[in-house]
Number of protein chains: 4
Amino acid sequence: MNGEIICEGIDTSVQSLGVPTIDSPLLATARCVEEHERVIIDSSLAAVNACLRENREIPSFERAGPRKKIFFDSSKTKCGIATCGGLCPGINDVIRGVVHELYYMYGVENIYGIPYGLQGFIPRYRHSFIDLTPSFVENIHGLGGTVLGSSRGSQDIGEVVDAIERVNLNIVFFIGGDGTLKAASAVAREILSRGYTCSVIAVPKTIDNDISFVSQTFGFDTAVEEAGKVIRCAHAESKGAPYGVGLVKLMGRDSGFIAANAALACREANFVLVPEEDFDLEGETGLLATLERRLKARGHAVVVVAEGAGQKFFGGLPRKTDLSGNVRKGDIGLFLKEKIEEYFFARSYQVNLKYIDPSYVIRSVVANSSDSIFCGFLAQMAVHAGMSGKTDMLIGLWNNTYVHIPIALSVRERKKIDTTGPLWMSVKESTGQPIMRNG
Amino acid sequence: MNGEIICEGIDTSVQSLGVPTIDSPLLATARCVEEHERVIIDSSLAAVNACLRENREIPSFERAGPRKKIFFDSSKTKCGIATCGGLCPGINDVIRGVVHELYYMYGVENIYGIPYGLQGFIPRYRHSFIDLTPSFVENIHGLGGTVLGSSRGSQDIGEVVDAIERVNLNIVFFIGGDGTLKAASAVAREILSRGYTCSVIAVPKTIDNDISFVSQTFGFDTAVEEAGKVIRCAHAESKGAPYGVGLVKLMGRDSGFIAANAALACREANFVLVPEEDFDLEGETGLLATLERRLKARGHAVVVVAEGAGQKFFGGLPRKTDLSGNVRKGDIGLFLKEKIEEYFFARSYQVNLKYIDPSYVIRSVVANSSDSIFCGFLAQMAVHAGMSGKTDMLIGLWNNTYVHIPIALSVRERKKIDTTGPLWMSVKESTGQPIMRNG
Amino acid sequence: MNGEIICEGIDTSVQSLGVPTIDSPLLATARCVEEHERVIIDSSLAAVNACLRENREIPSFERAGPRKKIFFDSSKTKCGIATCGGLCPGINDVIRGVVHELYYMYGVENIYGIPYGLQGFIPRYRHSFIDLTPSFVENIHGLGGTVLGSSRGSQDIGEVVDAIERVNLNIVFFIGGDGTLKAASAVAREILSRGYTCSVIAVPKTIDNDISFVSQTFGFDTAVEEAGKVIRCAHAESKGAPYGVGLVKLMGRDSGFIAANAALACREANFVLVPEEDFDLEGETGLLATLERRLKARGHAVVVVAEGAGQKFFGGLPRKTDLSGNVRKGDIGLFLKEKIEEYFFARSYQVNLKYIDPSYVIRSVVANSSDSIFCGFLAQMAVHAGMSGKTDMLIGLWNNTYVHIPIALSVRERKKIDTTGPLWMSVKESTGQPIMRNG
Amino acid sequence: MNGEIICEGIDTSVQSLGVPTIDSPLLATARCVEEHERVIIDSSLAAVNACLRENREIPSFERAGPRKKIFFDSSKTKCGIATCGGLCPGINDVIRGVVHELYYMYGVENIYGIPYGLQGFIPRYRHSFIDLTPSFVENIHGLGGTVLGSSRGSQDIGEVVDAIERVNLNIVFFIGGDGTLKAASAVAREILSRGYTCSVIAVPKTIDNDISFVSQTFGFDTAVEEAGKVIRCAHAESKGAPYGVGLVKLMGRDSGFIAANAALACREANFVLVPEEDFDLEGETGLLATLERRLKARGHAVVVVAEGAGQKFFGGLPRKTDLSGNVRKGDIGLFLKEKIEEYFFARSYQVNLKYIDPSYVIRSVVANSSDSIFCGFLAQMAVHAGMSGKTDMLIGLWNNTYVHIPIALSVRERKKIDTTGPLWMSVKESTGQPIMRNG
């Protein structure tokens, strides 16, 4: 359930290094995908009819999968994998999948792990590439985090491409979020502009699930499961003390998908605050008075807040950015903790507020079964794309089909909860929370 | 990832009890779905273009969701819920969701649980209806199974409808599999033919995930997770003894989805046998000789078999059906156990075969986080459909959108693994298993 | 594995309300424990021989279990249960066990839950007693926290006893930690001094496992399991970034049992800091320089710190106490975070420190299998003790036997890790951490 | 909670290869245990007093732990580890612990894994020893089963000792059950009789927890946890169908510890049948009629049966033994399934019996947190014992202290549930099951 899809006038064509001419080793065993196989983006009948009526092309994505002809000669191909940004369940599954697919299916034997993300390309950090063999990756899917290490922040694109050329990589897989995708795209374009032959394929990684044109990112399902457990704890804490309030801050810089879904997974949250829906603190219909009514009626409450919610309360603060280039958010969790305690203190109630900020505990666990399967497919599709000479693109799942999406299109804007759609409606039903805005 | 979709000439129109004329109580808070909102079934560009070229209508499903006008007056509406067939994770989540949606969103207060499936309608079984209040269902999602009880086997449709009329039910929700769906459809048609006013809405339940035009059924994700754990155990057993063979029989009467996905979730299976792909036992390329080569090379092996695989080996047996009308399968698990042991005994190898048949342990667990969220949506959509007077239909998820599907269409044939598609290709890559057929 | 046991000169005699004269309803089915059955406290041969040599009595505890004669007439007995202090896995299991044992085995039907701990006795808080029936407690063991609610802080003992008399309770079960045990003992003594007939039985609850003469408290096993998972996350985070440091603060005000055991459960901690072993920050052998050497050698590190460790660094702070009367600790977690970041910043290293403070997530989960069984026994033994008229005592597990321990004896001092014993030795082996003290 | 301890006249003295003369490398860091430190076996005061009265020695065990002087010179020591018999959670934890302790603490670098248990010593099986380095064992505790492989059945003791001499092993660690312990003892005695210098240390492994003088064996806690989950599934199945009966067969050849504890962990079992308590099928008070009454009253039932229960029903069968020398049991699970179905069929009831036999799924999982910690201690204590030259002994946990127990003493008889003690009494309370014997 994605938000409104605006796909008018978008460019979905995927870059290619050239015409693939080598017979794929998978030709015998797999049903190969033809170049012209495409998946309609907006599968509502109305959207299709509008295109027909207005004589516009129906927007669609290129289907992912093995091609009959590939671009790179397996025996001479050299690949690199880099993992960037914060942790997310399933990174090691993707790494393992890429190595297995390259090695066993395409016969590529030169596969390197770039340590600590983009830093690993830059000589002055003195990180050594890791030789990624099937035996090295054999059991890594049982470990949280990334065996390659990661880092935040951008590096000089020229230096990155210098390294790629120096080491003579033919395909580079980037596993990362918004910032990484932009960097990967810049790397791909710089490579093309230098006339060097190297494919850049991205597997989008964002625990917030906020990549446009990607139904769901890996790790999200696991994160929701873990976040649901934390809400359950907050519920136990809230019921365990007079006027107990369990306050949980969850990931979600710009989109409240984790908060919303975790609330549906656990059903004990009474308030879910997300960046997509504005709320006020003060006034009769604001959060504080609403919370007070809830506490008086039921004796306890659970409040779930996405980290990007309520940023208007930090309006006066200077804008800072973190190493990944993300604007630093004011800490809405601690802010609410303080405001709630102040409010009830002023009214001579002793609320028992338990504040839980579980971020690392959610993102560094091992991928669950569903994410693990998902990561396997993403990895295979990424390898197929790379071997066929595609570049500057990412692998997405759209309408239950794996597709190729130009990076530029996906990073144009963040995916957000459609506050008029079924997801948010469900959250409001489950919590019973009203609109908490004045005037 | 569904198999090939053949949707030419299908009838996707949903029956209705009449024109809804009552303003929905959700009008103020939810974005309501218009009747004409439809979702294209096959979202491949080629399929759409073929329709245009051939001047055929593009096949599509009616979108599920709340309507502006509803058919039933909440204050007078009486609803029943029945759960039929075998257990499946998430049934209680659906029951809870239906009760909550009816009660809190539509204000329906008369909701009854029909005990033990279709039996509950039949007077001679003397089961009493259960009063389903919000407090009754409060914590049932923490329990496996179904709080209503279930039963297999059909009952006289006339008697079922007699009961519905006698008790004066206006909406009946059936949660069940293939047999139940057929019965529900017959009930809906009998009701219509009698001129009685009662909506019949089904939520498809099949742990095998084999309902046509339904991307995924609830409980399947949980079942795959549990099945993956069992394969992990089989792997430990196989490595724990000289010539160890772990043999796991999983659910899957006609479709091997659980076996295939569980193999991808755990990655330790060396052979996955499903109904969709024929295999031979004997001969140089048959299963037994292939297994022998594997054992000689690696010392151990894990074999996963779906219960419906290899039914040709029982060709001589008389066809029996079980209470649900399903053809009784020969027990491929025990059959393989015997054949493997015989084969190696004849060759003077002592294989250590550990046979695991975990079915009840997989299907009776509590739904995982992802299924729990999914069940919530299914329940809500079922209530919206029922309240708006739809009947003889089920709720499905298609292209990430909840849709209404006529029951008749969905039970036409079982969904199966496309053995040329990415799912099966992934399984073959993961296991390394060859085609095991002679000649 | 307890620390050194100093049991010379201790008083292990348990108070009694009078001579039990009523035949126990369990007489027919259970092997009853005789009053003179006792368990030696220190089962080392040397300790026993010392007693013999010095002609001292061998210190021993009264064995818990059903008695042939009971003190209270079941049909007229009225019981109360109160849960006090912070949450701990298993509280609901104990409540359920007490209710079941009283109701089904002794036929006691008047059982009340005192809401929100000691507050529940005090009229001005206006909390109503909860009627604890078997059906009320049926599924509560599936919930974290306490269904009765809890509160911190002491209340006027006279007022508590007034309430007990007013409501006419005959047995009161207190589930709580150090402060609660002291209060329970005061209540028991006040009752005795008033000549009222009411038994006070405590089940010790401390997630820190620091009650003297109690091998292990309920919930501890679960807490260690959860804490181990968190350390695993910290490990993934530490390996996921250049110079990654995972810093985990765990419960343990005076004793580091959770930190030590969790480190053994996960084996990824490199430093475990507990109240029982002093450490310095500065200097060549201090924590910071030792951590620097570790980071330079291995690139990452996991530091686990019990909340009560390193309190000497807060020497200048005024002593505060919390509501439960515990001395407020300086926050060693945040302190170390700051000190580590400062230290490496000054040396121009960018450490990536991820700080995790999971307390609520550890203590509010559902009890694991082992704790759940344990809680069942504690509850049964508590009921046997209460019904036989014992008072001012708690139930402990000692040498694998359930025993009666006078409260006064148990609260004399906190149990601590023996830093020369096998537990701490194992931690040091597992972490490889040196003594980090200067001079 | 062990059964009655009969320790009169037992021989607890542990064999030694000679006087240890080498300073232990742990001398500086650990508190070493003196040879004379002993732990009283029966810590009941009455037992001690009886000894004093009768002027008998108080029976006690030698305390385990590091010694100041060791027997083997680390730099020249060569060690082997063999794992025998069925799988059990935690074997890999013990292997890892032994390797770590030997390598890091004692500096022993020559450590070999004997593949597939006793078979690994016998040349004709052609198994190669495995070089056990710290890196080999690094992550094995995350895997179920045993990385060394195992096998059942005895081998010629002479051949085993020949191999030990040929390879020149100085310490051999055996991880195994009753049969293995006997073999290990025979090996130890044969080594002594040949005048060769090799220590034989056993870590008892039995998922049934039935080793005498060992409070609990590793893996048992995990097995109970898993078994409890299965009972929960059986409960869901039993409630999910009219006259539903969930029948679970659990491990327990001679002792019903798993069945009893799992029933307490889940609390949904209505009948627990164990080898220690006889029951009849027929007659008014037999199992079948009792079950009928339960079904009529409540509509469903859960029956848990230990595999060794009800063996009297197979009286006529010829006695067979399996490869480990255990007497083959009649399959009480399938027997009960048939008898129950027959009984109700004859009475025209259709019971819905779901039979679950989960053995492999229980024993091959990864050790839980508690068992993992426990295995670590067992491994360390085993290494201390071996390095100090002890032999023909096993490591046990007794009265919360790790001790040395002569193998001969421990295998004398199986530990059983004391049916008059608190464990069984708790089970009877929880199930409400009566004595089911006629006449």
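Residues numbered from 1 in each chain as written. Chains lettered and ligands numbered in written order. Predicted model: local features only at pLDDT ≥ 70, side-chain atom pairs only at ≥ 80, totals over all residues.

S.K.: Can you walk me through the overall build of chain A in this structure?
M.R.: Along the backbone of chain A there are 13 helices and 17 strands. Computed over C-alpha atoms, the radius of gyration of chain A comes to 23 Å, within 12% of the 22 Å expected from 2.2 N^0.38 for 439 residues, which places it in the range of a compact globule. With respect to the three principal axes, the spread of C-alpha positions in chain A is 75 × 60 × 40 Å. Sorting the 439 residues of chain A into buried and exposed places 63% on the buried side. Pairs at least 24 apart in sequence give 78% of the contacts found in chain A among residues at least 6 apart. (Helix = DSSP H or I, 4+ residues; strand = E, 2+ residues; numbered from the N terminus. Rg over C-alpha atoms; globule rule 2.2 N^0.38 Å. Buried ≥ 20, exposed ≤ 12 C-beta atoms within 10 Å, placed from the backbone. Contact = placed C-beta atoms within 7 Å.)

S.K.: Mind showing me how you'd approach the packing of helix H2 (residues 91-105) of chain A against helix H11 (residues 369-387) of chain A here?
M.R.: The description of two helices packed together rests on the angle between their axes and the distance between the axes. Residues and elements named next belong to chain A. It is at 8 Å that the axes of H2 and H11 come closest, and there the two elements cross at 45 degrees. Comparing their axes, H11 and H2 come out oblique. Judged by the twist between their axes, the crossing of H2 over H11 is right-handed. Along the contact surface, H2 presents Asp 93, Val 94, Gly 97, Val 98, Glu 101 and Leu 102, while H11 presents Ser 372, Cys 375, Gly 376, Leu 378, Ala 379, Gln 380, Ala 382 and Val 383. Across the contact of H2 with H11, the residue classes tally to eight nonpolar, four polar and two charged. (Axes fitted to C-alpha atoms, helices over the stretch in contact; angles between N-to-C directions. Parallel < 35°, antiparallel > 145°, perpendicular 65-115°, else oblique. Left-handed = near helix turned anticlockwise from the far one by under 90°. Nonpolar A, V, L, I, M, F, W, Y, C, P; charged D, E, K, R; others polar.)

S.K.: How should the domain arrangement of chain A be read in this particular structure?
M.R.: For an interface, size is often stated in terms of accessible area lost upon the parts coming together. Residue and element names in this part refer to chain A. Taken domain by domain, chain A holds domain 1 (15-217 + 366-410) and domain 2 (224-364 + 420-431). For domain 1 versus domain 2, the separation of C-alpha centres amounts to 35 Å. The interface of domain 1 with domain 2 comprises 16 residues on the first partner and 14 residues on the second. Partitioning the side of domain 1 that touches domain 2 into residue classes produces four nonpolar, nine polar and three charged. (Domains from an automatic or database assignment.)

S.K.: What exactly am I supposed to notice about the interface of chain B and chain A here?
M.R.: Each side of the interface is counted separately: chain B has 44 residues, and chain A has 44 residues. Only strand S3 (38-40), helix H1 (45-53), helix H2 (91-105), helix H6 (220-239), helix H7 (257-266), helix H11 (369-387) and helix H13 (422-431) of chain B provide two or more residues apiece to the side of chain B that touches chain A. If you tally residues by element for the side of chain B that touches chain A, the top one is H11 of chain B, at seven residues. Of the residues belonging to the side of chain B that touches chain A, the class tally is 17 nonpolar, 20 polar and seven charged.

S.K.: Which parts of the structure should I look at to understand the nonpolar core?
M.R.: Looking at soluble globular proteins, one finds that nonpolar side chains tend to be buried together. Val 304 of chain A, Val 304 of chain B, Val 304 of chain C together with Val 304 of chain D are the most contacted members of the largest nonpolar core, which has 589 residues in total. Among residues more than four places away in sequence, those in contact with Val 304 of chain C are Ile 231, Val 248, Leu 250, Ala 259, Ala 262, Ala 263, Ala 269, Phe 271 and Val 272 of chain C. (Core = buried A, V, L, I, M, F, W, Y, C linked by C-beta atoms within 7 Å.)

S.K.: Is there a simple way to think about the sheet that holds strand S12 (residues 271-273) of chain D in this case?
M.R.: Strand pairing in a sheet relies on backbone hydrogen bonds. The paired strands run either parallel or antiparallel. Residues and elements named next belong to chain D. Here four strands make up an open sheet; going across it, the order is S12-S13-S11-S14 and the pairing parallel. Looking at which strands have only one partner, the edges of the open sheet turn out to be S12 and strand S14 (352-356). Recorded for the sheet is a direction-independent mean angle of 15 degrees between the axes of neighbouring strands. Two elements, strand S11 (residues 244-250) and S14, share five bridges in a ladder whose sense is parallel. Counted as the bridge partner of Val 245 is Leu 353 from S14. Helix H7 (residues 257-266) rests against S11, S12 and strand S13 (300-306) of the sheet, and its axis sits at about 145 degrees to S13. (Pairing = 2+ DSSP bridges.)

S.K.: How should the sheet that holds strand S4 (residues 60-63) of chain A be read in this particular structure?
M.R.: Residues and elements named next belong to chain A. Pairing is mixed across the open sheet formed by nine strands, whose spatial order is S3-S4-S17-S16-S10-S9-S6-S7-S8. The open sheet is flanked by strand S3 (38-40) and strand S8 (130-131), the only strands paired with a single partner. In this sheet, strand S16 (residues 393-398) lies alongside strand S10 (residues 199-204) in parallel orientation, the contact comprising two bridges. Residue pairing for S16: Ala 202 is matched across the bridge by Leu 394.

S.K.: Honestly, the pairing of strand S6 (residues 78-83) of chain C in this entry has me stumped. Any pointers?
M.R.: Residue and element names in this part refer to chain C. When you tally the buried positions in S6, you get five out of six residues, the bulk of the element. In this sheet, strand S7 (residues 110-114) lies alongside S6 in parallel orientation, the contact comprising five bridges. Each residue of the ladder has a partner; that of Gly 80, found in S7, is Tyr 112. Two strands pair when backbone bridges link them, and S6 and strand S9 (residues 171-176) are joined in this way by five bridges, in the parallel orientation. If you follow Cys 79 over to S9, its bridge partner there is Ile 171.

S.K.: Would you take a moment to explain the pairing of strand S13 (residues 300-306) of chain A for this structure?
M.R.: If a strand is regular, its side chains alternate between the two faces of the sheet. Residues and elements named next belong to chain A. Along S13, seven of the seven residues are buried, which leaves the element largely enclosed by surrounding structure. Direction of pairing for strand S12 (residues 271-273) relative to S13: parallel, over a ladder of three bridges. Residue pairing for S13: Leu 273 is matched across the bridge by Val 305. In this fold, S12 hands off to helix H8 (residues 287-298), which returns the chain to S13; that crossover is right-handed. (Right-handed = clockwise from strand over helix to strand, strands pointing away.)

S.K.: I tried to follow helix H7 (residues 257-266) of chain A on my own but got confused; where do I start?
M.R.: In an α-helix there are 3.6 residues to a turn, and that puts residues three or four apart on one side. For H7 of chain A, the buried fraction is high: ten of the ten residues fall into the buried class. Three or more residues of H7 of chain A are buried, namely Phe 257, Ile 258, Ala 259, Ala 260, Asn 261, Ala 262, Ala 263, Leu 264, Ala 265 and Cys 266 of chain A. Summarising the contacts, the buried residues of H7 of chain A are in contact with helix H6 (220-239), strand S11 (244-250), S12, S13 and helix H13 (422-431) of chain A together with H11 of chain B. Downstream of H7 of chain A by one or two residues, Arg 267 of chain A has phi in the positive range, about 65 degrees.

S.K.: Whenever I open this one, the confidence of the model for chain A confuses me. Can you help?
M.R.: Low-pLDDT portions of the prediction should not be read for the details of their coordinates. Averaged over every residue, the pLDDT of chain A is 94; the share at 70 or more is 95%. For this predicted complex, the interface confidence reaches an ipTM of 0.94, while the overall pTM sits at 0.95. (pLDDT = per-residue confidence, 0-100.)

S.K.: Explanation requested: the relation of the copies chain B and chain A in the structure shown.
M.R.: Each copy superposes on the other: chain B lies on chain A with an RMSD of 0.0 Å after a rotation of 180 degrees and an axial shift of 0.0 Å. On this basis, the relationship between the two copies can be described by a two-fold rotation axis. For chain B, the minimum C-alpha distance to the rotation axis belongs to Asn 399 of chain B and amounts to 2.2 Å. A share of 100% of the interface residues of chain B reappears at the interface of chain A, consistent with the copies meeting face to face through the same patch. (Least-squares fit on C-alpha atoms with pLDDT ≥ 70 in both.)

S.K.: Where do I start with H11 of chain A in this structure?
M.R.: With 19 residues, H11 of chain A ought to run about 27 Å at 1.5 Å a step, and its terminal C-alpha atoms sit 28 Å apart, in line with that. Burial within H11 of chain A is extensive, with 19 of its 19 residues counted as buried. (Expected span 1.5 Å × (residues − 1).)

S.K.: Got a minute to help me understand the packing of helix H11 (residues 369-387) of chain C against H7 of chain D in this structure?
M.R.: Between H11 of chain C and H7 of chain D, the shortest axis-to-axis distance is 8 Å and the interhelical angle comes to 85 degrees. By the angle between their directions, the pair H11 of chain C and H7 of chain D is classed as roughly perpendicular. On the side of H11 of chain C, the interface is formed by Ser 369, Ser 372, Ile 373 and Gly 376 of chain C, while H7 of chain D contributes Asn 261, Leu 264 and Ala 265 of chain D.

S.K.: Just to check I follow, could you spell out the environment of Val 200 of chain D for this structure?
M.R.: Residue and element names in this part refer to chain D. Within the element layout of this structure, Val 200 appears in strand S10 (residues 199-204). Given 30 C-beta atoms within a 10 Å radius, Val 200 is considered buried. In the structure, Val 200 is positioned 13 residues away from Val 187 in sequence and 7.7 Å away in space, judged by C-alpha atoms. Residues contacting Val 200, with those up to four places away along its chain left out, are Val 172, Phe 174, Ala 184, Val 187, Ala 188, Ile 191, Thr 391 and Asp 392.

S.K.: What's the story with the environment of Glu 101 of chain B in this structure? I'm lost.
M.R.: All names here are of chain B. Note that Glu 101 resides in helix H2. Judged by the 24 C-beta atoms lying within 10 Å of it, Glu 101 falls in the buried class. For the pair Glu 101 and Asp 162, spaced 61 residues apart in the sequence, the C-alpha separation amounts to 27 Å. For Glu 101, the contacting residues outside a window of four places in its chain are Tyr 106, Ala 379, Gln 380 and Val 383.

S.K.: Teacher, can you tell me more about the environment of Thr 431 of chain A here?
M.R.: All names here are of chain A. Counting through the fold element by element, Thr 431 comes out in helix H13. With 21 C-beta atoms counted inside 10 Å, the residue Thr 431 sits in the buried group. Between the C-alpha atom of Thr 431 and that of Asn 270, which follows or precedes it by 161 residues, the distance is 4.4 Å. Dropping the residues within four chain positions of it, Thr 431 is found in contact with Ala 263, Ala 269, Asn 270, Phe 271 and Val 272.

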